[in-house]
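Take a look at the letters that make up each chain.
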Amino acid sequence: MATTMTEVARAAGVSQKTVSRVVNGEPHVSPEVRDRVLRAVRELDYRPNNAARALLLGRYRRIGVVSLGTALYGPSTLLIALERAMQRAGYSFALASTLEGQKVSVAVDALLEQGVDGIVLSEPIDDGAPLRLSADVPVISLGEGVELTEGVGAIVGADGVDAARIATEHLLSLGHRTVWHIPGPQNWWAARDRLRGWREALAAAGAPEPPLALEGDWTPAAGYAAGRQLARLGDVTAVFAANDDMAIGALHAFAEAGRDVPGDVSVVGYDDIPAAAYLCPPLTTVRQKFTAVADRAVDHLLTLIEHRHEPAEHPEAAVELIVRASSGPAHL
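Residues numbered from 1 in each chain as written. Predicted model: local features only at pLDDT ≥ 70, side-chain atom pairs only at ≥ 80, totals over all residues. Heavy atoms only, no water.

In this section: the overall build of the chain. The helix and strand tally for the chain stands at 11 helices and 12 strands. With 332 residues in all, the chain has 48% of them scored as buried. Accessible surface for the chain amounts to roughly 15,500 Å². Of this, 53% is attributable to carbon and sulfur atoms. (Helix = DSSP H or I, 4+ residues; strand = E, 2+ residues; numbered from the N terminus. Buried < 20%, exposed > 50% of the residue type's maximum accessible area, 1.4 Å probe, protein only. Areas by Shrake-Rupley, 256 points an atom, 1.4 Å probe, with all protein chains shown as cover.)

Shown next as structure tokens:
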């Protein structure tokens with residue numbers, strides 16, 4: 001037989017109202033009382049009924065996330081950061097994946113059917129057409145804008161454009177005439193942001209924009225194929241890859257072709273995967289601060305859900321250039 005809130009209150013020596021406040025993550029409960037209630041919840045295996053709680057509070061205390069369901073470092077790490085940010089705010093987490101070609105709108109509908117108070121669009125892919133959604137809850141996008149036929153939404157970007165600009169500017173500051181780019185798949189918002197940032201940095205510096213290398217799929221194999229193509233071009237001295245795995249593949253291709261890194265070619269990646277610091281040479285890359293991105297997105301979403309006046313300020317930049325030995329001065 002399921003444990004009731006009354007039994008939890010009796011075991012913790014508090015009122016049912018206090019148990020309700022603790023379970024729903026509300027303020028005005030002392031740490032000592034909160035710990036006592038949570039201990040009783042665990043000992044009695046109390047599981048609050050979400051449907052009943054939603055009727056009582058007008059909320060499910062659950063946030064939905066549309067993501068790719070991929071094991072790639074960036075999306076998977078961001079997903080973990082989002083879940084932790086939601087848990088800290090007292091909300092549970094529901095996931096809908098678009099990895100198998102499912103439309104973003106279908107994933108959103110699935111979350112709405114489960115019952116969520118808001119939705120985060122994290123690393124979706126699309127067919128290039130404007131994304132139009134109908135949702136009766138707030139929606140936050142970590143990429144491009146979304147047209148909502150109803151409801152409210154906002155863009156809380158992951159700074160992909162700025163990050164790509166920073167990476168490109170770093171290479172230009174070393175005296176390279178221009179920077180070549182190994183792009184990610186262009187149906188990913190993140191890949192398009194990085195392409196845009198690269199182009200903006202070149203244009204701002206008055207540097208010529210070279211042809212794109214082969215479009216990659218985020219894998220080392222794709223970076224290797226693009227690197228082999230670039231290694232045959234004598235005027236390639238600097239390369240920005242849209243992620244670290246493709247940069248690793250390019251490093252291998254340059255080494256195989258006898259092109260020294262960074263003596264002949266400088267290479268910069270994106271993500272700062274754990275292996276990046278231990279390559280030969282160690283990889284210069286853009287580090288994504290996933291916790292900062294997630295905290296900013298969840299706080300902005302909760303501002304809409306809970307009708308707060310303003311989201312909290314998050315001054316920390318979401319990206320940081322990590323300079324290592326794979327980038328160096330141009331030898332003209």
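Before going further, it helps to examine the pattern of salt bridges. This structure, assessed with the given rule, holds 11 salt bridges. The shortest N-O distance in the salt bridge between Arg88 and Asp295 comes to 2.6 Å. Here Arg88 is found in helix α5 (residues 73–88), whereas its partner Asp295 is found in helix α11 (residues 290–305), with 207 residues between them in sequence. Between Arg296 and Asp159 there is a salt bridge, and its shortest N-O distance comes to 3.6 Å. Taken together, the positions of Arg296 in helix α11 and Asp159 in the loop between β7 (153–155) and α7 (160–173) put the pair 137 residues apart, joining distant regions of the chain. Here the salt bridges do not stand alone but share partners, grouping Asp272, Arg287, Lys289, Glu320 and Arg324 into one network. (Salt bridge = Lys/Arg side-chain N within 4 Å of Asp/Glu carboxyl O.)

Let us look at the nonpolar core. Counting residues in hydrophobic clusters, the biggest one holds 27 residues, and the most contacted among them are Ile182, Leu230, Val239, Met246, Phe254 and Val267. Mapped onto this core, the elements with two or more residues apiece are β8 (180–182), α9 (220–231), β9 (238–241) and α10 (244–256). If you tally residues by element for this core, the top one is α10, at five residues. Apart from the residues within four sequence positions on either side, Ile182 is in contact with Ala213, Leu214, Gly223, Ala226, Leu230, Val239, Phe240, Ala241, Ala242, Met246 and Ala250. Judged by nonpolar contacts, the second largest core, of 22 residues, contains Val120, Ala294, Leu302 and Ile305. (Core = buried A, V, L, I, M, F, W, Y, C linked by side-chain atoms within 4.5 Å. Contact = heavy atoms within 4.5 Å.)

Direction vectors running N to C along α5 and α11 enclose 50°, while the axes themselves pass 8 Å from each other. Put simply, α5 runs oblique to α11. Considering the relative orientation of α5 and α11, their crossing is right-handed. Here α5 contributes Tyr73, Gly74, Thr77, Leu78, Ala81, Leu82, Ala85, Met86 and Arg88 to the contact with α11, which in turn contributes Phe290, Thr291, Val293, Ala294, Asp295, Ala297 and Val298. Residue composition of the contact of α5 with α11, grouped by class: 11 nonpolar, three polar and two charged. (Axes fitted to C-alpha atoms, helices over the stretch in contact; angles between N-to-C directions. Parallel < 35°, antiparallel > 145°, perpendicular 65-115°, else oblique. Left-handed = near helix turned anticlockwise from the far one by under 90°. Nonpolar A, V, L, I, M, F, W, Y, C, P; charged D, E, K, R; others polar.)

Another point: unusual backbone geometry. For the bond from Val261 to Pro262, the omega torsion is 10°, close enough to zero to count as cis. With respect to the helices and strands, Pro262 occurs in the loop between α10 and β10 (266–271). Looking along the chain, the bond that leaves Cys280 and enters Pro281 is cis, with omega of 5°. Phi angles above zero are rare outside glycine, and Trp218 is one such case at about 80°.

Evaluation of the coordinates by the stated rule reveals two aromatic pairs. Ring geometry for Tyr73 against Phe290: centres 6.0 Å apart, planes inclined by 75°, an arrangement best described as edge-to-face. Of the two residues, Tyr73 sits in helix α5 while Phe290 sits in helix α11, which places them 217 residues apart along the sequence. Judged by relative accessible area, which is 7%, Phe290 ranks as buried. With 5.3 Å between their ring centres and 70° between their planes, Trp188 and Trp218 make a pair best called edge-to-face. Taken together, the residues Trp188 in the loop between β8 and α8 (189–205) and Trp218 in the loop between α8 and α9 connect sequence positions 30 residues apart. Its guanidinium or amino end placed over the ring of Tyr91, Arg61 lies 4.2 Å from that ring's centre, counting from NZ or CZ. (Phe/Tyr/Trp six-rings, centres within 6.5 Å; stacked < 30°, edge-to-face > 60°. Lys NZ or Arg CZ within 6 Å of the ring centre and 35° of its normal.)

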